[in-house]
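This is what each chain is made of:
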Amino acid sequence: MVNRLVSVLIPSRGRPAELRRTIQAVLDSALDRQRVEITVRVDGDDGASLAAARGARPDGSVFIVVGPRGRGKPDTHLYYNRLAEVTAAPWILVWEDDAGAPPRAWDELLASASRSLLLLHLGPGMRHPAVRREVFTRLRGLSPDPEVGAWLDQAVRAMGRPS
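One structure accompanies this document, and this report is about it. Predicted model only: the values in this text are computed from it and were never measured. (Residues numbered from 1 in each chain as written. Predicted model: local features only at pLDDT ≥ 70, side-chain atom pairs only at ≥ 80, totals over all residues. Heavy atoms only, no water.)

One turn of an α-helix holds 3.6 residues; hence residues three or four places apart share an orientation. The first and last C-alpha atoms of helix H1 (residues 16–29) sit 20 Å apart over 14 residues, in line with the 20 Å expected at 1.5 Å per residue. Buried within H1 are the following residues: Leu-19, Thr-22, Ile-23, Ala-25, Val-26, Leu-27 and Ser-29. If you follow the buried residues of H1, they end up packed against strand S1 (6–12), strand S2 (36–43), helix H2 (47–56), strand S3 (62–67) and helix H4 (106–111). (Helix = DSSP H or I, 4+ residues; strand = E, 2+ residues; numbered from the N terminus. Expected span 1.5 Å × (residues − 1). Buried < 20%, exposed > 50% of the residue type's maximum accessible area, 1.4 Å probe, protein only. Contact = heavy atoms within 4.5 Å.)

Structure (structure tokens):
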């Protein structure tokens, strides 16, 4: 069994090509792919996204959670919370199926981080939170709000820890 450093959470619906590209980009930009597991959430009636997730990495680094059809964006936090519940890595990275690649060697940033929350910046208005599992446990979830990144940033600051 491989001990992973980070679980990358990606909910997806109806964007199989984007999902496949994003999974590959996340893995390609990691310094050490063995540190990374990707956990994807797809709706049970979305066969194309399910096939894309299954075909993205046959080496066991991609895990799939199939759920009932949701409401999309209003349920984003529910998808991320469920994905985080079924993972075990010390870090949780909130990602999107069309976000593309994180910065090169992003996994090394997490491996050497002393903070509880890091925000990976991809450009103006595009930031993705990475949070230590202990924060997820203490908060009893990633977010009660669809704006997961903003909520996590506020929660970690309220806990008295720099983000």
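Don't stop here, the text continues.
So, on to the layout of surface pockets. In this structure, the largest pocket occupies an estimated 650 Å³ of space. Around the largest pocket, the lining comprises 29 residues; the ones closest to its centre are Pro-11, Lys-73, Thr-76, Tyr-80 and Glu-96. For the lining of the largest pocket, the secondary structure elements donating two or more residues are S1, S2, helix H3 (76–85), strand S6 (126–132) and helix H6 (148–158). When residues in the lining of the largest pocket are grouped by element, the largest group, four residues, is from S6. Taken together, the residues of the lining of the largest pocket sort by class into 10 nonpolar, seven polar and 12 charged. (1 Å grid on protein atoms, 1.4 Å probe; cavity = no way out; pocket = protein on both sides within 12 Å on 5 of 7 lines; lining within 4 Å. Points joined across faces, edges and corners; volume = space filled by probe spheres on them. Nonpolar A, V, L, I, M, F, W, Y, C, P; charged D, E, K, R; others polar.)

It is worth spelling out the packing of H1 against H2 at this point. Direction vectors running N to C along H1 and H2 enclose 20°, while the axes themselves pass 8 Å from each other. One way to sum up the angle between H1 and H2 is to call them roughly parallel. Every pair of crossing elements has a handedness; the one defined by H1 and H2 is right-handed. The residues of H2 that touch H1, namely those facing Pro-16, Leu-19, Arg-20, Ile-23 and Gln-24, are Ala-48, Ser-49, Ala-52, Ala-53 and Ala-56. Residue composition of the contact of H1 with H2, grouped by class: seven nonpolar, two polar and one charged. (Axes fitted to C-alpha atoms, helices over the stretch in contact; angles between N-to-C directions. Parallel < 35°, antiparallel > 145°, perpendicular 65-115°, else oblique. Left-handed = near helix turned anticlockwise from the far one by under 90°.)

Residue alternation in strand S4 (residues 91–94) divides its side chains into two sets, Trp-91 and Leu-93 and Ile-92 and Val-94, and both sets are buried. Where S1 and S4 come together, four bridges link them in parallel fashion. Bridging from a neighbouring strand, Val-6 pairs with Trp-91 of S4. (Pairing = 2+ DSSP bridges.)

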